Amino acid sequence: MNKKLSHIDNSGNASMVDVSNKVVSTRVAIASGKVTFPEKVFAALKSQDFLSKKGSITQTAIIAGIQAVKRTADLIPLCHQLPLSKINIEIDPIPEGLAIKCEVKCNERTGVEMEALTGVSVAALTIYDMCKALSHDIHITDIHLDKKTGGKSDFAR
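Predicted model, so just to flag it, every value in this text is computed and none were measured. (Residues numbered from 1 in each chain as written. Predicted model: local features only at pLDDT ≥ 70, side-chain atom pairs only at ≥ 80, totals over all residues. Heavy atoms only, no water.)

**Student:** Can you walk me through the packing of helix α2 (residues 57-70) against helix α4 (residues 113-131) in this structure?
**Tutor:** The description of two packed helices rests on the angle between their axes and on the distance between the axes. Where α2 contacts α4, the two axes come as close as 7 Å, and the packing angle between them is 145 degrees. Taken as a pair, α2 and α4 cross one another with a handedness that is right-handed. Contact with α2, carried on its side by Ile57, Thr60, Ala61, Ala64, Gly65, Ala68 and Val69, involves Glu115, Thr118, Gly119, Val122, Ala123, Thr126, Ile127, Met130 and Cys131 of α4 and no other residues of that element. The class makeup of the residues in the contact of α2 with α4 is 10 nonpolar, 5 polar and 1 charged. (Axes fitted to C-alpha atoms, helices over the stretch in contact; angles between N-to-C directions. Helix = DSSP H or I, 4+ residues; strand = E, 2+ residues; numbered from the N terminus. Left-handed = near helix turned anticlockwise from the far one by under 90°. Contact = heavy atoms within 4.5 Å. Nonpolar A, V, L, I, M, F, W, Y, C, P; charged D, E, K, R; others polar.)

This is the structure:
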C-alpha cells in the first residue's frame, strides 16, 4: 500500500492539507447511520409518531444535524471551512429504530465526507438525547460513508 496519511506532515506533525492547487469541482457525500431502541421503547415512540414533550424527535434531529454540518470545521480540527450548497438529512423508521441519511454538496477544492458524517452523528446524538428518559439502552450504530463524488477518486459502498 503506497497511500499515506494526508493530515500528517513529513515530521509526523498534524497538518491541514493544502488544497490550493486542486481543481474546484462539485463534491457530494452521503453518509448514513442508525439509532436502535428496545422493542417496547420503539413501539411507544412509533405510536406517538416520534413526538415527545420536547417536540418532534425527527425534526429536532434534522435541524441539529444541519447545524452540525455547517460547524464541521469548528469540530474537526483539520477540516477546511467550506461554502456548502446543499444539506439534506432524512430520518426514516426501520424495524426497532431510525435510519439517518445525510447528503452534503458543495463546489470546492475538497470534499464533504466529514460534513456528511458529522450530520449523521449529531442527528443520532440528538435522537438519543431526546429519548434517553425512556431508556439508556439506545444504540447508535453503522455510521459510515455511503458515497462520495467529485474529487480525485469517487467511492460507493
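**Student:** Please explain unusual backbone geometry as it appears in this structure.
**Tutor:** In most cases, non-glycine residues show a negative phi, while peptide bonds are predominantly trans. Non-glycine residue Asp49 carries a positive phi angle of around 55 degrees. The residue Asp49 is located in the loop between α1 (39-47) and β2 (51-52) in this model. We classify Asp49 as exposed; its relative accessible area is 58%. In the Ramachandran plot, Phe50 falls in the positive-phi region, its phi being about 60 degrees despite a non-glycine side chain. Here Phe50 is to be found in the loop between α1 and β2. Of the residues examined, Phe50 reaches a relative accessible area of 6% and is grouped as buried. (Buried < 20%, exposed > 50% of the residue type's maximum accessible area, 1.4 Å probe, protein only.)

**Student:** Where do I start with α1 in this structure?
**Tutor:** An α-helical turn contains 3.6 residues, so a residue and the one three or four places further along point in the same direction. Where α1 is concerned, the buried positions are Val41, Phe42 and Leu45. Down the axis of α1, the sector holding all buried residues measures 95 degrees, keeping them to one side. Facing away from the buried side of α1 by more than 90 degrees, the exposed set consists of Glu39, Lys40 and Ser47. (Arc of directions from axis to C-beta.)

**Student:** Help me understand the pattern of salt bridges in this model?
**Tutor:** Oppositely charged side chains are able to pair whenever their charged atoms sit close together. Applying the stated criterion across every chain yields a total of 4 salt bridges. The partner of Glu103 in a salt bridge is Lys86, and the shortest N-O contact between them spans 3.4 Å. In this pair, Glu103 sits in strand β5 (residues 97-108) while Lys86 sits in strand β4 (residues 84-94), placing the two residues 17 residues apart along the sequence. On the basis of relative accessibility, which here comes to 34%, the residue Lys86 falls in the partly exposed class. Of the charged contacts, one joins Lys132 and Asp129 as a salt bridge, the two residues approaching to 2.4 Å between their closest N and O atoms. The exposure class of Lys132 is partly exposed, given its relative accessible area of 33%. Overall, Asp129 belongs to the partly exposed group, its relative accessible area being 34%. (Salt bridge = Lys/Arg side-chain N within 4 Å of Asp/Glu carboxyl O.)

**Student:** So what exactly am I meant to see when it comes to the sheet that holds strand β7 (residues 155-156) here?
**Tutor:** Each strand in a sheet pairs with its neighbour through backbone hydrogen bonds, running either in the same direction (parallel) or in the opposite one (antiparallel). On the basis of which strands lie adjacent, the open sheet formed by 5 strands has the order β4-β5-β1-β6-β7 and antiparallel pairing. A single partner strand is all that each edge strand has here, and the edge strands are β4 and β7. The sheet contacts of α2 involve β4 and β5, and relative to β4 the element is tilted by about 150 degrees. Sitting on the sheet, α4 touches β1 (25-36), β4, β5 and β6 (139-149), and the angle it makes with β5 is about 150 degrees. (Pairing = 2+ DSSP bridges.)

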